[in-house]
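Spelled out from the first residue to the last, the chains are:
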Amino acid sequence: MPDHFCFLLLPGFSMMGLMSAIEPLRVANRFHAPHYHWRLLSADGQAVPASNGMSLNVDGALDDDLTDTSLFVVAGFEPLAGFGPQLAARLRRAERECQVLGAIDTGSFVLAEAGLLDARQRFTLHWEALEAFRERYPQLQPTQELFEIDGRRITSAGGTSSLDLMLGLIGRDHGEALSIQVSEQFVLGRIRTRLDHQRMQISSRYGIHDKKLALVIGEMERCTEEPRTPQQLADTVGITTRQLERLFRQHLNTTPVTFYLALRLDKGRQLLRQSDLSVLEVALACGFDSASYFARRYRARFAVSPRQDRHEAAGS
């Protein structure tokens with residue numbers, strides 16, 4: 001693993017994902033003979049705006065020599081907004097130059113679009129973009145881990161998972177003692193492994209403690225394209241539909257049907273905002289038979305039509 005990192009910043013990149021990757025390297029250099037070096041790059045060498053509105057100056061352009069470096073593509077909400085043939089060609093050349101070609105947050109979209117990921121590789125990205133990624137690249141299978149280290153492909157889900165990734169690399173390359181020393185500087189209770197969940201467990205997210213209810217919600221989240229009937233959901237945990245209704249009323253003050261519909265509409269909103277799928281394609285991916293019915297239910301939930309919501313999200 002080379003100790004020289006380059007971070008390619010794409011417009012709208014995740015500042016949190018970037019800083020969480022750089023700061024462990026900085027702290028490691030405090031406690032160890034300086035090993036780590038890093039540079040910020042952009043496609044053209046100009047400053048790049050992050051998703052929080054701040055712009056960062058960079059040290060160079062992607063055309064710079066990348067031999068014996070680890071290059072990470074750092075993206076955010078619209079990873080392909082600035083993608084084009086020139087960027088694709090330069091990344092393919094970087095594949096030959098770099099020892100590691102990786103991604104942070106939604107940077108895996110860019111690697112996939114450039115043809116630099118294949119079905120055999122383990123890689124990850126932010127959980128919110130998973131559905132859009134799977135729709136666009138059905139031949140690829142991203143994981144839901146915090147980070148993945150698969151040979152020359154190293155990816156993190158962004159946010160604080162970049163911190164966990166770098167702590168893992170520091171520990172692997174320079175010893176666990178240094179990794180622990182660095183983590184303590186960030187007041188971390190523990191160093192998470194790649195197998196830790198990106199999202200909170202269902203019980204924590206919804207504030208429920210009934211195991212059967214949590215299992216049913218998990219089944220709902222897995223089956224949005226072909227929704228399960230209340231009977232099928234009840235059968236998965238060995239209860240009756242009446243008991244299922246009672247669980248949802250008692251713990252969530254709603255019905256299974258209403259909860260399931262909201263969950264599918266939330267997925268539809270993610271796809272509209274993070275993919276270029278048509279409204280009909282989004283509707284079908286969320287288990288709706290028609291775009292018109294999807295649009296009616298969407299407006300009822302979000303007080304805006306799917307097209308208006310996409311337009312407003314793009315503008316912001």
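Remember, predicted model here, so these are calculated numbers, not experimental data.

1. Let's talk about the domain arrangement of the chain
Interface size is commonly expressed as the accessible area that is lost once the parts come together.
Then step 1. For the chain, the domain assignment lists domain 1 (4-186) and domain 2 (202-314).
Then step 2. On a C-alpha basis, the centroid separation for the pair domain 1 and domain 2 is 32 Å.
Then step 3. Contacts between the two partners involve nine residues from domain 1, matched on the other side by 10 residues from domain 2.
Then step 4. Of the roughly 870 Å² buried between domain 1 and domain 2, counting both surfaces, carbon and sulfur atoms make up 46%.
Then step 5. Interface area lost by domain 1 to domain 2 is led by Glu128, Glu131 and Glu135, which between them contribute 50%.
Then step 6. The interface formed by domain 1 and domain 2 includes two salt bridges.
Then step 7. A salt bridge links arginine 136 to aspartate 276; the shortest N-O distance between them is 2.9 Å.
Then step 8. Along the contact surface separating domain 1 from domain 2 lie four residue pairs in polar contact (both at pLDDT 80 or more).
Then step 9. In terms of residue class, the side of domain 1 that touches domain 2 is made up of four nonpolar, no polar and five charged.

2. Quick word on the packing of helix 11 (residues 256-274) against helix 13 (residues 291-302)
Then step 1. The N-to-C vectors of helix 11 and helix 13 enclose an angle of 95°; their axes lie 10 Å apart at closest approach. One finds that helix 11 runs roughly perpendicular with respect to helix 13. Contact with helix 11, carried on its side by Leu261, Ala262, Leu265, Asp266, Gly268, Arg269 and Leu272, involves Phe294, Arg297, Tyr298, Arg301 and Phe302 of helix 13 and no other residues of that element.
Then step 2. Looking at the contact of helix 11 with helix 13, its residues break down into seven nonpolar, one polar and four charged.

3. Here's the deal with the UniProt feature "domain: HTH araC/xylS-type" (unreviewed entry) in the chain
Then step 1. Using the residue numbers shown here, the UniProt feature "domain: HTH araC/xylS-type" (unreviewed entry) corresponds to residues 214-312.
Then step 2. For residues 214-312, the end-to-end C-alpha separation is 34 Å, with 74% helix and 0% strand making up the annotated structure.

4. Side note on the nonpolar core
Then step 1. Core analysis: the biggest nonpolar cluster contains 46 residues, and Leu8, Leu66, Leu71, Leu91, Phe133 and Phe294 have the highest contact counts within it.
Then step 2. Those residues in contact with leucine 66 that sit more than four places away from it in its chain are Cys6, Leu41, Leu71, Arg90, Ala94, Glu97 and Cys98.
Then step 3. Of all hydrophobic cores here, the second largest spans 32 residues; its members include Ala50, Ile154, Met166 and Val182.

5. Some details on the sheet that holds strand 2 (residues 37-42)
Then step 1. Spatially, the seven strands line up as an open sheet ordered 5-2-1-6-7-9-8, and their pairing is mixed. Bordering the open sheet on either side are strand 5 (60-61) and strand 8 (147-150), each of which pairs with just one other strand.
Then step 2. The pairing of strand 2 with strand 5 spans two bridges and is parallel. Bridged to leucine 41 within strand 5 is glycine 60.

6. A closer look at the side chain of threonine 254
Then step 1. Structurally, threonine 254 can be placed in the loop between helix 10 (241-252) and helix 11.
Then step 2. With near-sequence residues (within four places) excluded, threonine 254 lies in contact with Phe248, Arg249 and Phe259.

7. Considering the pairing of strand 1 (residues 4-9)
Then step 1. Most of strand 1 is tucked away, with five of its six residues classed as buried.
Then step 2. Two elements, strand 1 and strand 2, share five bridges in a ladder whose sense is parallel. Across the sheet, the residue bridging to leucine 8 is leucine 41, located in strand 2.
Then step 3. Here five bridges tie strand 1 to strand 6 (residues 70-74), and the two strands are oriented parallel to one another. Residue pairing across strands places phenylalanine 7 opposite phenylalanine 72, the latter belonging to strand 6.

8. Brief notes about the environment of glycine 158
Then step 1. Relative to the helices and strands, glycine 158 resides in the loop between strand 9 (153-156) and helix 5 (161-174).
Then step 2. The class for glycine 158 is buried, based on a relative accessible area of 7%.
Then step 3. Sequence separation between glycine 158 and glycine 107 is 51 residues, and the spatial gap between their C-alpha atoms is 9.1 Å.
Then step 4. The contacts of glycine 158, once residues within four sequence positions are left out, are Gly17, Ile104 and Asp105.

9. Section: the side chain of arginine 264
Then step 1. Assignment of secondary structure puts arginine 264 in helix 11.
Then step 2. Among buried charged residues, arginine 264 stands out as having no salt bridge; its nearest opposite-charge side chain is aspartate 289, 7.4 Å away.
Then step 3. Discounting residues that sit within four places of it in the chain, arginine 264 has contacts with Thr224, Pro227, Cys286, Gly287 and Phe288.

10. Concerning the pattern of salt bridges
Then step 1. For the structure shown, the criterion picks out 21 salt bridges.
Then step 2. Linking arginine 301 and aspartate 266 is a salt bridge whose minimum nitrogen-to-oxygen distance equals 3.0 Å. With arginine 301 in helix 13 and aspartate 266 in helix 11, this pair connects stretches of sequence that are 35 residues apart.
Then step 3. On the basis of relative accessible area, arginine 301 is assigned to the partly exposed category, the value being 39%.

11. Description of the environment of alanine 103
Then step 1. The residue alanine 103 is located in strand 7 (residues 100-104) in this model.
Then step 2. Along the primary structure alanine 103 and leucine 167 are separated by 64 residues, whereas in three dimensions their C-alpha atoms are 16 Å apart.
Then step 3. The contacts of alanine 103, once residues within four sequence positions are left out, are Phe72, Val73, Ser108, Leu111, Ile154, Thr155 and Ser156.

What counts and how
- Residues numbered from 1 in each chain as written.
- Predicted model: local features only at pLDDT ≥ 70, side-chain atom pairs only at ≥ 80, totals over all residues.
- Heavy atoms only, no water.
- Domains from an automatic or database assignment.
- Contact = heavy atoms within 4.5 Å.
- Buried area = accessible area lost by both parts, 1.4 Å probe.
- Salt bridge = Lys/Arg side-chain N within 4 Å of Asp/Glu carboxyl O.
- Polar contact = N/O pair within 3.5 Å; in protein donor to acceptor, adjacent residues only side chain to side chain.
- Nonpolar A, V, L, I, M, F, W, Y, C, P; charged D, E, K, R; others polar.
- Axes fitted to C-alpha atoms, helices over the stretch in contact; angles between N-to-C directions.
- Helix = DSSP H or I, 4+ residues; strand = E, 2+ residues; numbered from the N terminus.
- Parallel < 35°, antiparallel > 145°, perpendicular 65-115°, else oblique.
- UniProt positions renumbered as here; feature names shortened; annotations may be inferred.
- Core = buried A, V, L, I, M, F, W, Y, C linked by side-chain atoms within 4.5 Å.
- Buried < 20%, exposed > 50% of the residue type's maximum accessible area, 1.4 Å probe, protein only.
- Pairing = 2+ DSSP bridges.
- Lys, Arg positive; Asp, Glu negative; His and termini not counted.

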